[in-house]
Amino acid sequence: MRRQQLSQSNIEVSALALGTDLIGSKIERGRSFALLDFYHELGGNFLDTGNFYASWIPGCQGGESETTIGLWMKERRNRDKMVISTKLAFDYPGSPGGLCAGEIERECEMSLKRLQTDRLDLYQAHRDDRSVPIEETMEAFHRLVKAGKVRILGASNLPLWRISEANVIARGKAWTPYSVIEQRYTYLRPRHGADFGPQIFLSDDLKDYASYYGLTLMGYSVLLRGAYIRADLHLPVQFAGPDSVERLRTLSEVSLEAGCTLAQTIIAWMLQSKPAVLPIIAGSQENQLKENSDALNVTLTEAQMQRLNTAGNPTLNQGWIQPK
Ligand SMILES: NC(=O)c1ccc[n+]([C@@H]2O[C@H](COP(=O)([O-])OP(=O)(O)OC[C@H]3O[C@@H](n4cnc5c(N)ncnc54)[C@H](OP(=O)(O)O)[C@@H]3O)[C@@H](O)[C@H]2O)c1
């Protein structure tokens, strides 16, 4: 799997990250190890986890994903070959959540312990916390970087203005800024006013911001849990927008032309977009991971990219409607 630099750091990650929210919980340990092995054999080295994964699964407390990854890396003796991203800020048993200094320090220690490592390659705020001054959050994160416990910082599910404010403060104080941003992202566009709860969909403004500062963008829930493909699943109602039918039609047409699956076209489109968005792939079966990683062999033509980008909005960049 080809590699790329994470933001402007010296961390090299594979072009596709592996999402591990269900590793060690819904997906039991043996199967989890097999999926981690399979992803690693495909050339992947970038694992996306979180401290509270997967506390929402009945019988789970949170920490199962990190614990399983820690056990796997220990057994395979491959910690130095892997790049680990984990996150904090959602509450789970034993943790109130949020981004105050005490929580950041404590949860970092918990994650290090569960992952059986001495450093987190990428540590991300998993959601915003407006009850805490940004200075407190960024200073606490920076202390972890200075202590060598964290290499770089990321922000997930934060609105652009909060990321921008945090980074202006961090740069002004010579603290570590957020250099990776992980938001919800897929080919279909949410309809106006769509509500994703605490999750935030990657906006055009954020793409512009990330391009300007050379930040890496990551996308999650890329395949809408398989709803693009599986007849037994409905597309989430948030994507029932005015251009969705046209975008689905174009996605099918381009996939047919390119000789690849819908999932592969979506992943290839993300990778070839400007700025590129690094997809987090996930799956409970090896064949899903194989199909998704084979998207790296798909090259969409400029004309196909243009059709995908303008589907449902053909006048994009070609003029505008005169108001009456
Ligand atoms: N930062 C955040 O707030 C946040 C939020 C959500 C997720 N994430 C991260 O992103 C990762 C992925 O999230 P997600 O599960 O929502 O992603 P997703 O890509 O929308 O869904 C993945 C699921 O889609 C199905 N699938 C995968 N490949 C397929 C294929 N080729 N054909 C048909 N179905 C396919 C599988 O479902 P089955 O296993 O049921 O077959 C798989 O588990 C998580 O593990 C987590 O690491 C981050």
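Residue positions are given per chain, counting from 1 as you read along its sequence in written order. pLDDT decides what is reported in this predicted model: residues at 70 or higher carry local features, side-chain atom pairs at 80 or more are listed and counted, and totals for whole chains, interfaces and linings draw on all residues regardless.

Focus: the overall build of the protein
- Secondary structure elements are defined from DSSP: runs of H or I of at least 4 residues count as helices, runs of E of at least 2 residues count as strands, and each element is numbered from the N terminus. A count of helical and extended segments in the protein gives 10 helices and 10 strands.
- When we talk radius of gyration, it's over C-alpha atoms, and the globule rule is simply 2.2 Å times the number of residues to the 0.38. The C-alpha radius of gyration computed for the protein amounts to 20 Å, which stays within 12% of the reference 20 Å derived for 324 residues, consistent with globular compactness.
- Seen through its principal axes, the protein has C-alpha atoms that stretch 55 × 50 × 35 Å.
- Three exposure classes are used. Buried residues have 20 or more other C-beta atoms within 10 Å of their own C-beta, exposed residues have 12 or fewer, and partly exposed residues fall in between, all C-beta atoms being placed from the backbone. Looking at the protein residue by residue over its 324 residues, the buried ones come to 45%.

Details of the sheet that holds strand β9 (residues 216-220)
- Pairing between strands is defined by DSSP: at least two bridges between the two strands are required. Pairing within the closed barrel is parallel, and its eight strands lie in the order β3-β4-β5-β6-β7-β8-β9-β10. Between one strand and the next, the sheet's axes are offset by a mean angle of 30 degrees, whatever the strand orientation.
- Relative to strand β5 (residues 83-88), strand β4 (residues 46-48) is paired through three bridges, and the arrangement is parallel. Paired with aspartate 48 across the bridge in β5 is serine 85. In this analysis, axes come from line fits to C-alpha atoms, helices being fitted only over the stretch in contact, and the angle between any two N-to-C directions falls in the range 0 to 180 degrees.

Things to note about the environment of glycine 70
- Looking at the secondary structure, you find glycine 70 in helix α2 (residues 64-76).
- Separated by 43 residues in sequence, glycine 70 and lysine 113 place their C-alpha atoms 8.4 Å apart.
- Among residues more than four places away in sequence, those in contact with glycine 70 are Arg114, Leu115 and Gln116. Placing a C-beta atom from the backbone of each residue, one calls two residues in contact when those atoms lie within 7 Å.

Remarks on the site of the ligand
- Residues in close proximity to the ligand total 25 residues, the closest being Gly19, Tyr220, Leu223, Gly226 and Ser284.
- Per-element accounting of the shell around the ligand gives the leading share, three residues, to helix α9 (residues 286-293). Any residue whose backbone-placed C-beta atom lies within 6 Å of a molecule or strand is treated as near that molecule or strand.

A look at helix α3 (residues 101-115)
- Given a rise of 1.5 Å per residue, 15 residues ought to cover 21 Å, and the 21 Å separating the end C-alpha atoms of α3 matches this to within 8%.
- Three or more residues of α3 are buried, namely Glu103, Ile104, Glu107, Cys108, Ser111, Arg114 and Leu115. Down the axis, α3 shows its buried residues gathered within 135 degrees of arc, on one side only. Projecting away from the buried face of α3 at angles above 90 degrees are the exposed residues Gly102 and Glu109.
- Residues of α3 that are buried make contact with α2, β5, β6 (120-125), α4 (134-146) and β7 (150-156).
- Taken from the residues just after α3, glutamine 116 is the one with a positive phi, measuring 55 degrees. For a helix, the expected span equals 1.5 Å multiplied by the residue count minus one. What the arc measures is the spread of directions leading from the helix axis to the C-beta atoms.

Some thoughts on unusual backbone geometry
- For the bond running from tyrosine 53 to alanine 54, omega is 0 degrees, close enough to zero to count as cis.
- If you trace the backbone, alanine 54 turns up in the loop between β4 and α2.
- Cis geometry is adopted by the peptide bond preceding proline 275, which originates at lysine 274 and carries an omega value of -5 degrees.
- Note on placement: proline 275 falls in the loop between α8 (262-272) and β10 (277-281).
- Its identity is not glycine, yet alanine 174 carries a phi of approximately 60 degrees, on the positive side.
- The phi dihedral of serine 221 is positive, around 55 degrees, even though this residue is not glycine.
- Secondary-structure assignment places serine 221 in the loop between β9 and α7 (244-258).
- On the neighbour-count criterion, serine 221 (17 C-beta atoms within 10 Å) is partly exposed.

Section: the environment of methionine 1
- Along the chain, methionine 1 falls in the segment before β1 (3-5).
- For the pair methionine 1 and glutamate 41, spaced 40 residues apart in sequence, the C-alpha to C-alpha distance is 9.4 Å.
- Those residues within four positions of methionine 1 in sequence are excluded, and the remaining contacts are Ser14, Ala15, Leu16, Leu42, Gly43, Gly44, Ser293 and Leu296.

A look at the nonpolar core
- By convention the nonpolar core is taken to be a set of buried residues drawn from Ala, Val, Leu, Ile, Met, Phe, Trp, Tyr and Cys and joined through C-beta atoms within 7 Å. The biggest cluster of nonpolar side chains holds 83 residues, and the ones touching the most others in it are Ala17, Ile181 and Val222.
- Counting residues per element, this core draws most heavily on α8, at seven residues.
- Setting aside residues no more than four positions away along its own chain, alanine 17 makes contact with Phe46, Leu47, Asp48, Met218, Leu278 and Ile280.

Side note on the packing of α3 against α4
- At a minimum axis distance of 8 Å, the contact between α3 and α4 shows a crossing angle of 30 degrees. Classified by the angle their axes make, α3 and α4 are roughly parallel. α4 is crossed by α3, and the crossing has right-handed handedness. Packed against α3, whose contacting residues are Ala101, Ile104, Glu105 and Cys108, the element α4 presents Glu136, Thr137, Ala140, Phe141 and Leu144 at the interface.
- Residue classes follow a fixed rule: Ala, Val, Leu, Ile, Met, Phe, Trp, Tyr, Cys and Pro count as nonpolar, while Asp, Glu, Lys and Arg count as charged, and any other residue, Gly among them, counts as polar. Considering only residue class, the contact of α3 with α4 consists of six nonpolar, one polar and two charged. Angle categories are assigned with fixed cut-offs, so that under 35 degrees is roughly parallel, over 145 is roughly antiparallel, 65 to 115 is roughly perpendicular, and the rest are oblique. Here a crossing is taken to be left-handed if its near helix is turned anticlockwise relative to the far helix by less than a right angle, and right-handed if that turn runs clockwise.

A few points about the packing of α2 against α3
- Orientation of α2 relative to α3, taken along the N-to-C sense of each, is 40 degrees, at an axis distance of 7 Å. Compared by their axis directions, α2 and α3 come out oblique. Listed contacts from α3 to Glu66, Thr67, Ile69 and Gly70 of α2 are Ser111, Arg114 and Leu115.

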